[in-house]
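The lines below spell out each chain.
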Amino acid sequence: MLGRIVPLVVKELLQLRRDRYAIVRLVVLALVQLLMFGYAATFEVHRVSTAVLDRDRSQESRELLSRFTGNGRFEVTAVARDGAELADLVESGRATVAVQIHPGFAERLRKGDTAPVQVIVDSTNSNTALVALGYVNRIVNAFAEDYGTDRLARTAPARLRLVPRVELAARPWYNPSLESRWFFVPGVIGSLMLVITVNLTSFAVVREREIGTLEQIMVTPIRPVEFILGKTLPSFLVGLGEMALITLVGTLWFRVPFRGDPLVLLLASALFLTSTLGMGLLISTVCKTQQQAFASSFFVLMPAFVLSGFSFPIASMPPVLQWITYAIPLRYFLVVLRSTFLKGVGLGVLWPQMLAMAAIGATMVTVSVLRFRKALD
Amino acid sequence: MSWRRTVAIARKELIHVRRDPRSLLIALLLPIMQMILLGYGATLDAKHLAVYAFDRDGSQTSQALLKRFQASPYFDLVRTVEGYADLTAAVDAGRAKLGLVVSPDFSRRLAEGGTVTVQAIVDATDDNTANLAMGYAEAVIGGFSQDVQLAWLRRQGLPDRAAAPPISVETRTWYNEDLESRNFIVPGVVALVMALVGALLSSLTIAREWERGTMEQLVSTPVTAREIMIGKLVPYFVIGLVDAALCVGFGIGWFGVPFRGTVGTLLVATALYLVVVLGIGFVISVAIPNQLGASSIAILVTLLPTNMLSGFAFPIDQMPAPIRAVSYVVWARYYLTILKAVFLKGSGLAALGGPLLAMVAYAAVVGTVATRAFRKTLD
């Protein structure tokens, strides 16, 4: 049996080497994706262009507005003279956030009345707007807090120490400086392995059929199972190669930590690959041409990608979509990837994900092999 | 250039499309699928984040604090645990996004006065969710702190205004009033779908002729290179416009995304964008006489930049300077600016002069390159 599989694997690998564009698809595409997600994919919000309008011109209003500069979150790019100019700055896109302090701000503060600060946010990008508003609130609250403390220090200094106050000490674990890169780079491994191995496997079979060499292979003494193994093993190896490549570049170049056990990652990769290879085979049984295979794989891969939690949190999706995600192996693999890279947890925590991938993988392989044998007859 | 021959090529290409109903189905189903997936799935909002609490104080005060988390729409207090190890295990396993630790002397120290801290462990593997979670948690704790302070001041017989003064932040969210991720994502899907369909379909047209060996026949006819190019791309141009209409209609009709601009502006921009996308697909198809290679490269060249560097999901102004510089080359960037402006801001042609001009330039360059690239030779 081995004597018949090995030549087929060698033939596949030879074919891959002869393909001038294989290197582009397997290595260049992988690295370009990694670079994009390492550098361009960021939900971080820094240096938000901010316009200010101070209509109170008091010490208090100046103090509050000055807090918007020098914290790295906002960058005051324009000082407006009136409301119309402020609105224009936002409309033309020159400012994302506009802060306006009305006349009487300091007066109201001193009297203890509610003092309004108006904030206009260009919320075309809802996430940036949401995060920026969070920062605005933090700045304003800190200002109010300090203002109160100052005043108490003047009026009742003895009691200042006694004012009760609750503070939050938030500790972001696993990614203390909240770098998007740390979130995306491990994910790229999963998405690349998925796309590359599904395509590679489905094309390997469909190409034979399209060129007409499938019949030639079928008249040799090779058995269907051997044929399938011979076709999938190369993809399996390529998949593991991609994993190693991205892990190396990700940890060495992008300095994403790898805190877990490489063996756990290897095991998870193997389980994940059984499901992607099964998917590839399944596609090959329903497609006659490479073009069809390419298009069909798109229909499978797009939803897998969007619903896996690669960039959008599953918990925020509507329930129906959340149920679908349970059938997507990438969902589990991403958890394992991020957990081994950032959290450093092992099988004790990750066994449910492993089990799920094993179950999906076994189902996929069984179904595809059964279908495949029928398709060959 | 002969009108008759161009039409003949277009008709031939149309027959190709019709004979392969699967491709046509893909061209029409893909937009709908993308819309549904991204319209529903692409949301970065964080709500109902799972909270585990380790309340070592167990007093009324600490309970009151935890209740505030329960009441917040952003958090779900899933469980109170009895040990620190249980808390960290929950965060490790991803069951808890936020682990709150209330120290044993919380209520006592608060009664004595001064600042007391509540520790929150945040699972920051997903940095964006973590960032939002910390903001929300700070708001919850801040609200609690203020109420405790007020109560204390009253007990001390001090006026309310001795506390931190109330400053209300009046927020106006322009263009996307409810801060819906959907309103931000859906307009961009139009660009994504057309990049995909355009690249997939047009990148295969010449490669297919080479692969099937029909190129020789085509070359032996009197049609010119330009006629072949235009004839082959016109059907896909029409399909692309239909796709755009489908996407826009679906986005407005189904997802309720506002459309504040004019159809004319959108049409002009879309037509220009299609010329660019199809032209690039065609050039790739000419350069790579192999269907698989051509479509892979087309995806690499069109889909990836459209996804990553156009401002579709990731804000360009947050990218490092070299990447920002590269983004100016990405044609989809200009189309996306126009799409978002037309949908959400209602900007007209005048306000969008810059990006439109960029697209005209792009269409001209790509059109020229595409005509030059394709020569009727067999070697």
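Residues numbered from 1 in each chain as written. Chains lettered and ligands numbered in written order. Predicted model: local features only at pLDDT ≥ 70, side-chain atom pairs only at ≥ 80, totals over all residues.

(A) Region of the structure containing the sheet that holds strand 2 (residues 74–79) of chain A. Taken in spatial order, the five strands make up an open sheet running 2(A)-1(A)-3(A)-4(A)-5(B), and their pairing is mixed. Sheet topology places strand 2 of chain A together with strand 5 (167–174) of chain B at the edges, where each strand pairs with a single neighbour. Taken pair by pair, the neighbouring strands of this sheet meet at an average axis angle of 25°, ignoring direction. Across eight bridges, the pairing between strand 4 (residues 115–122) of chain A and strand 5 of chain B is parallel. Across the sheet, Pro116(A) pairs through a bridge with Ser168(B), a residue of strand 5 of chain B. (Pairing = 2+ DSSP bridges. Helix = DSSP H or I, 4+ residues; strand = E, 2+ residues; numbered from the N terminus. Axes fitted to C-alpha atoms, helices over the stretch in contact; angles between N-to-C directions.)

(B) Structural context of the domain arrangement of chain A. Examined at the domain level, chain A breaks down into domain 1 (2–42 + 180–376) and domain 2 (48–160). For domain 1 of chain A versus domain 2 of chain A, the separation of C-alpha centres amounts to 50 Å. (Domains from an automatic or database assignment.)

(C) Expanded view of the interface of chain A and chain B. Opposite the 96 residues of chain A that make contact, chain B presents 97 residues. For the side of chain A that touches chain B, the secondary structure elements donating two or more residues are helix 2 (22–40), strand 4, helix 6 (126–155), strand 5 (165–173), helix 8 (180–211), helix 12 (290–307) and helix 14 (329–343) of chain A. Sort the elements by how many residues they give to the side of chain A that touches chain B and helix 6 of chain A lands first, with 20 residues. Across the side of chain A that touches chain B, the residue classes tally to 58 nonpolar, 24 polar and 14 charged. (Contact = placed C-beta atoms within 7 Å. Nonpolar A, V, L, I, M, F, W, Y, C, P; charged D, E, K, R; others polar.)

(D) How the structure looks around the domain arrangement of chain B. Domains assigned within chain B are domain 1 (3–42 + 179–373) and domain 2 (49–162). Averaged C-alpha coordinates put domain 1 of chain B and domain 2 of chain B at centres separated by 50 Å.

(E) Molecular detail of the sheet that holds strand 4 (residues 115–123) of chain B. Pairing within the open sheet is mixed, and its five strands lie in the order 5(A)-4(B)-3(B)-1(B)-2(B). Among the strands making up the open sheet, the edge pair consists of strand 5 of chain A together with strand 2 (75–80) of chain B. Adjacent strand axes in the sheet meet at a mean angle of 25°, parallel and antiparallel pairs treated alike. Direction of pairing for strand 5 of chain A relative to strand 4 of chain B: parallel, over a ladder of nine bridges. Along strand 4 of chain B, the bridge assignment pairs Ala170(A) with Ala120(B).

(F) Geometry of the pairing of strand 3 (residues 98–102) of chain B. All names here are of chain B. Of all five residues in strand 3, five are buried; the element is thus mostly enclosed. Every second residue of strand 3 is oriented toward a common face, with Leu98, Leu100 and Val102 on one face and Gly99 and Val101 on the other, all of them buried. With five bridges connecting them, strand 1 (residues 49–55) and strand 3 associate as parallel partners. By the bridge assignment for strand 3, tyrosine 52 is matched with glycine 99. Two strands pair when backbone bridges link them, and strand 3 and strand 4 are joined in this way by four bridges, in the antiparallel orientation. Bridge pairing in strand 4 places leucine 100 opposite alanine 120. (Buried ≥ 20, exposed ≤ 12 C-beta atoms within 10 Å, placed from the backbone.)

(G) Focus on the nonpolar core. In terms of nonpolar packing, the biggest core is built from 231 residues, with Leu98(B), Ala133(B), Ala191(B), Met194(B), Tyr273(B) and Tyr335(B) touching the most fellow members. Apart from the residues within four sequence positions on either side, Ala191(B) is in contact with Tyr273(B), Thr306(B), Ser310(B), Phe312(B), Ala332(B), Tyr335(B), Leu336(B) and Leu339(B). (Core = buried A, V, L, I, M, F, W, Y, C linked by C-beta atoms within 7 Å.)

(H) Geometry of unusual backbone geometry. Residue and element names in this part refer to chain A. One non-glycine residue with positive phi stands out, namely arginine 47, at about 45°. For arginine 47, a count of 13 C-beta atoms within 10 Å gives the class partly exposed. The phi dihedral of arginine 57 falls on the positive side, at around 50°, and the residue is not glycine. Within the secondary structure, arginine 57 sits in the loop between strand 1 (48–54) and helix 3 (59–66).

(I) Looking closely at helix 13 (residues 331–345) of chain B. Residue and element names in this part refer to chain B. Here helix 13 contains 15 residues, and its C-alpha end-to-end distance of 21 Å stays within 8% of the 21 Å for a straight helix at 1.5 Å per residue. Most of helix 13 is tucked away, with 15 of its 15 residues classed as buried. Positive phi shows up at glycine 346, right after helix 13, with a value of about 75°. (Expected span 1.5 Å × (residues − 1).)

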